[in-house]
Amino acid sequence: MADDVFKALADPTRRRILDELTERNSQTLFEICARLATRHGLGLSRQAVSQHLAVLEAAGLVVSRREGRYKFHDLDTEPLEHIAGRWLGPKPPQTPESTP
């Protein structure tokens, strides 16, 4: 699973999609495409953005849900927290420095 997360994060377009979902969650494909075009100057097709979203979903970074005819995409930070915790681990307890 961690390999999928690193693969997903390796692409700058996918990182921009995650940035947009961080700023505003629960966006449709149309909204994500519009934000990428207006804010980042990316003129990607809906199919291209859909493929990027599929990679992010496979990595567990994006969760989608259907409501009627709309499909909403939400950010899931749990895989990132898992990876960060892998190397950061628990912090050692702070001990007060002794004064002479």
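Before reading further, recall that the structure is shown in the block above.
Below, the structure is looked at part by part. None of these values were measured; they are calculated from a predicted model.

What counts and how
Residues numbered from 1 in each chain as written. Predicted model: local features only at pLDDT ≥ 70, side-chain atom pairs only at ≥ 80, totals over all residues. Heavy atoms only, no water. Axes fitted to C-alpha atoms, helices over the stretch in contact; angles between N-to-C directions. Helix = DSSP H or I, 4+ residues; strand = E, 2+ residues; numbered from the N terminus. Parallel < 35°, antiparallel > 145°, perpendicular 65-115°, else oblique. Contact = heavy atoms within 4.5 Å. Nonpolar A, V, L, I, M, F, W, Y, C, P; charged D, E, K, R; others polar.

### Points about the packing of helix α3 (residues 29-40) against helix α4 (residues 46-58)
Interhelical geometry of α3 versus α4 gives an angle of 105° and a closest axis separation of 10 Å. The angle between the axes of α3 and α4 places the two elements in the roughly perpendicular class. Contacts between α3 and α4 pair L29, I32, C33 and L36 from the former with R46, V49, S50 and L53 from the latter. Looking at the contact of α3 with α4 residue by residue, the class counts come to six nonpolar, one polar and one charged.

### Here's the deal with the environment of T28
By secondary structure assignment, the location of T28 is in the loop between α2 (12-23) and α3. For T28 and R65, which are 37 residues apart along the polypeptide, the C-alpha to C-alpha distance reads 9.8 Å. Every residue in contact with T28, bar those within four places of it in the chain, is listed here: Y70, K71, F72 and H73.

### Points about the packing of α2 against α4
Between α2 and α4, the shortest axis-to-axis distance is 10 Å and the interhelical angle comes to 80°. Between α2 and α4, the crossing angle belongs to the class labelled roughly perpendicular. Across the interface between the two elements, T13, R14, I17 and L18 from α2 touch V49, H52, L53, V55 and L56 from α4. Here the contact of α2 with α4 is built from residues that sort into six nonpolar, two polar and one charged.

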